[in-house]
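Report on the structure
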Amino acid sequence: MAEEDLECGRWCFVELLRSFFLDDLLENGTPRGKKDAATELSNLCIYQGNKGRAVRADIVPALVKILSDSSSHRMVDEALTILSVLASNLDAKTAIVKANTLPALIGILQTGQARNRENAAAILLSLCKRDNEKLVAIGRLGAVVPLMDLTKNGTERGKMKATSFAPFIFAAASSSSSQVSK
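Let me begin by describing the structure that accompanies this report. (Residues numbered from 1 in each chain as written. Predicted model: local features only at pLDDT ≥ 70, side-chain atom pairs only at ≥ 80, totals over all residues. Heavy atoms only, no water.)

Details of the pattern of salt bridges
The cut-off we apply is this: Salt bridges are defined by distance alone: a side-chain nitrogen of Lys or Arg within 4 Å of a carboxyl oxygen of Asp or Glu. Here a helix means four or more residues in a row that DSSP labels H or I, a strand means two or more in a row labelled E, and each is numbered from the N terminus. Buried residues are those whose accessible area, probed at 1.4 Å on protein chains only, stays under 20% of the maximum for their type, while exposed residues exceed 50% and partly exposed ones sit between those limits.
Tallied over the entire structure, the rule returns seven salt bridges. Among the salt bridges present, the one from Asp149 reaches Arg117, with a minimum N-O distance of 2.9 Å. In this pair, Asp149 is assigned in helix 10 (residues 144-153) and Arg117 in helix 8 (residues 114-128), connecting sequence segments 32 residues apart. Owing to a relative accessible area of 30%, Asp149 belongs among the partly exposed residues under this scheme. We note a salt bridge from Glu118 to Arg157, for which the minimum N-O separation is 2.9 Å. Of this pair, Glu118 sits in helix 8 while Arg157 sits in helix 11 (residues 156-181); the two residues are 39 residues apart in sequence, bridging distant segments of the chain. Overall, Glu118 belongs to the buried group, its relative accessible area being 9%.

Dropping the structure here:
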């Protein structure tokens, strides 16, 4: 019986995320309600067990929509913060890539505000670390120049993330070019 109660609690949590956060607040709420919902969602997702539940509740596509929707520009910082929290989870990484987030993240890296550039770099680093295919893809999408700029002109955290990214990108680029020449 206790296992059934636990499973019911997990299901209820996913449904709460889906209905309350997505439908009621993130998509239809007031600006203040949206910010409060994003803060609470971020706090919930800090717990590792909730990251997979958030993914199952389809939080990632809603966050990606915020990144690419010009009318949601005030929520980009919150969406990036939540994505950076989720990006440490394998299911979330898969969902983030599947939602075609890389171009939006690179766009933010190129033209965003300092904190947003920092968060975009952190998410990209988490998604691409030890994955040459994704590293080559973000290089082709134009991430190298803004990452190099971030090493010089970013926040301290942004500089640190971009600097730690450089060896991975260059290694992926050299292995990609050596495979092409074979």
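Overview of helix 8
Threshold: Expected helix span is computed as 1.5 Å times (number of residues minus one).
The end-to-end C-alpha distance of helix 8, which contains 15 residues, comes to 21 Å, matching closely the 21 Å that a straight helix rising 1.5 Å per residue would cover. Where helix 8 terminates, the next one or two residues include Arg130, which has phi positive at roughly 65 degrees.

Here's the deal with the nonpolar core
Threshold: Put simply, a nonpolar core is a bunch of buried Ala, Val, Leu, Ile, Met, Phe, Trp, Tyr and Cys residues held in one set by side-chain atoms that sit within 4.5 Å of each other. Contact between two residues is taken to exist if any of their heavy atoms lie within 4.5 Å; hydrogens are not considered.
Within the largest apolar cluster, 45 residues are counted, with the highest numbers of intra-cluster contacts made by Leu67, Ile138 and Phe165. Contact partners of Phe165, with chain neighbours within four places excluded, come to Ala121, Leu124, Leu125, Cys128, Leu135, Ile138 and Leu147.

Overview of unusual backbone geometry
For Asp58, which is not glycine, the phi dihedral falls at a positive 65 degrees. Considering the arrangement of structural elements, one finds Asp58 in the loop between helix 3 (48-56) and helix 4 (59-68). A relative accessible area of 43% places Asp58 in the partly exposed class. Despite not being glycine, Asn100 has its phi angle at roughly 60 degrees, a positive value. Its location among the elements puts Asn100 in the loop between helix 6 (90-98) and helix 7 (102-111).

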